[in-house]
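In case you want the letters, here they are:
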Amino acid sequence: MSLAICPGSFDPITLGHLNIIRRASKIFDKVVVCIMVNSTKMTPMFSIDERVDMAKRVVERLPNVEVDTFDGLLAEYAKKYDDAVIVKGMRAASDFEYEFQMNLINKKINPDLETMFLTASEKYTFLSSSVVREMASYGAELTGFVPCEIIDEVKNKAKIWRDRNGK
Ligand code: PNS
């Protein structure tokens, strides 16, 4: 059985992420969306539990997709499965350097681990979780940016942040 791991911080999951997950689910028998810590991103908007919960609701209708979380190295997590392939979205040349470095580090730790990149769909090349957090922090409309299942949750969380910071 072919298996893809779609790793990320998903803070929060966006329509761009969902596009990659959906496409991976057509290529692989099973896809595991793994919510992980990105130590370069300091203050997450959502807790890991909240991110897992949102991702589960968003992929509910994709029968071969499940959501997991792991608080460690991606290359170690992948050892849990036989022949898992990492699948990541690549938006633009700016993503390449970081992703290339991650790929090399993962290979160093787990030489059998392969990474595949799916180019982002043109309509989502501008989209990232940080864009969503920024938009939400200004109370902007989020339709077309995050899946409809989580729009209210992202809006509510952003409102809590705004109230806390007196914006
Ligand atoms: O969505 P992101 O923030 O681009 O995802 C990055 C992520 C979470 C996949 C990456 O930071 C990661 O793999 N974190 C787990 C720890 C790890 O394996 N780091 C790479 C080796 S230093």
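Residues numbered from 1 in each chain as written. Predicted model: local features only at pLDDT ≥ 70, side-chain atom pairs only at ≥ 80, totals over all residues. Heavy atoms only, no water.

### A word on unusual backbone geometry
Negative phi is the rule for most residues except glycine; trans is the rule for most peptide bonds. The omega torsion across Asp11 and Pro12 is 5 degrees, close enough to zero to call that bond cis. One can find Pro12 in the loop between strand 1 (3-8) and helix 1 (15-27). (Helix = DSSP H or I, 4+ residues; strand = E, 2+ residues; numbered from the N terminus.)

### Observations regarding the site of the ligand
In the neighbourhood of the ligand, 14 residues make up the surrounding shell, with Ser9, Val37, Asn38, Lys41 and Leu74 lying closest. Separating an oxygen atom of the ligand from a side-chain N or O atom of Ser9 is a distance of 2.6 Å. Take Asn38: an N or O atom from its side chain is 2.8 Å from an oxygen atom of the ligand. If the ligand stood free it would expose 540 Å²; the protein chains cover 80% of that surface. Taken atom by atom, the bulk of the ligand overlaps the largest pocket. (Near = heavy atom within 4 Å. Polar contact = N/O pair within 3.5 Å; in protein donor to acceptor, adjacent residues only side chain to side chain. Areas by Shrake-Rupley, 256 points an atom, 1.4 Å probe, with all protein chains shown as cover. 1 Å grid on protein atoms, 1.4 Å probe; cavity = no way out; pocket = protein on both sides within 12 Å on 5 of 7 lines; lining within 4 Å. Sits in = over half its atoms within 2 Å of the grid points.)

### As for the nonpolar core
Counting 37 residues, the largest nonpolar core has Ile21, Val31, Val59, Val87 and Val154 as the members making the most contacts within it. Looking at this core, the elements with two or more residues in it are strand 1, helix 1, strand 2 (30-36), helix 2 (48-58), strand 3 (65-70), strand 4 (84-90), helix 5 (129-137) and helix 6 (151-164). Among the elements that take part in this core, helix 1 stands out by supplying 5 residues, more than any other. If we skip the residues at most four places from it in the chain, Val154 touches Pro12, Phe46, Met54, Val132, Ala136 and Leu142. (Core = buried A, V, L, I, M, F, W, Y, C linked by side-chain atoms within 4.5 Å. Buried < 20%, exposed > 50% of the residue type's maximum accessible area, 1.4 Å probe, protein only. Contact = heavy atoms within 4.5 Å.)

### Describing helix 6
Here helix 6 spans 20 Å end to end across 14 residues, near enough to the 20 Å set by a 1.5 Å rise per residue. Turning to helix 6, its buried residues are Ile151, Val154, Lys157 and Ala158. Taken end-on, helix 6 shows its buried residues confined to a sector of 140 degrees, consistent with a single buried face. Of the exposed residues in helix 6, those oriented more than 90 degrees away from the buried face are Asp152 and Arg164. The secondary structure elements touched by the buried residues of helix 6 are helix 2 and helix 5. (Expected span 1.5 Å × (residues − 1). Arc of directions from axis to C-beta.)

### Quick look at the packing of helix 2 against helix 6
Here helix 2 crosses helix 6 at 155 degrees, and the two axes come no closer than 11 Å. It follows that helix 2 is roughly antiparallel to helix 6 by the angle criterion. Taking contact as the criterion, the partners of Glu50, Asp53, Met54 and Arg57 in helix 2 are, on helix 6, Glu153, Val154 and Lys157. Among the residues forming the contact of helix 2 with helix 6, the class breakdown is 2 nonpolar, no polar and 5 charged. (Axes fitted to C-alpha atoms, helices over the stretch in contact; angles between N-to-C directions. Parallel < 35°, antiparallel > 145°, perpendicular 65-115°, else oblique. Nonpolar A, V, L, I, M, F, W, Y, C, P; charged D, E, K, R; others polar.)

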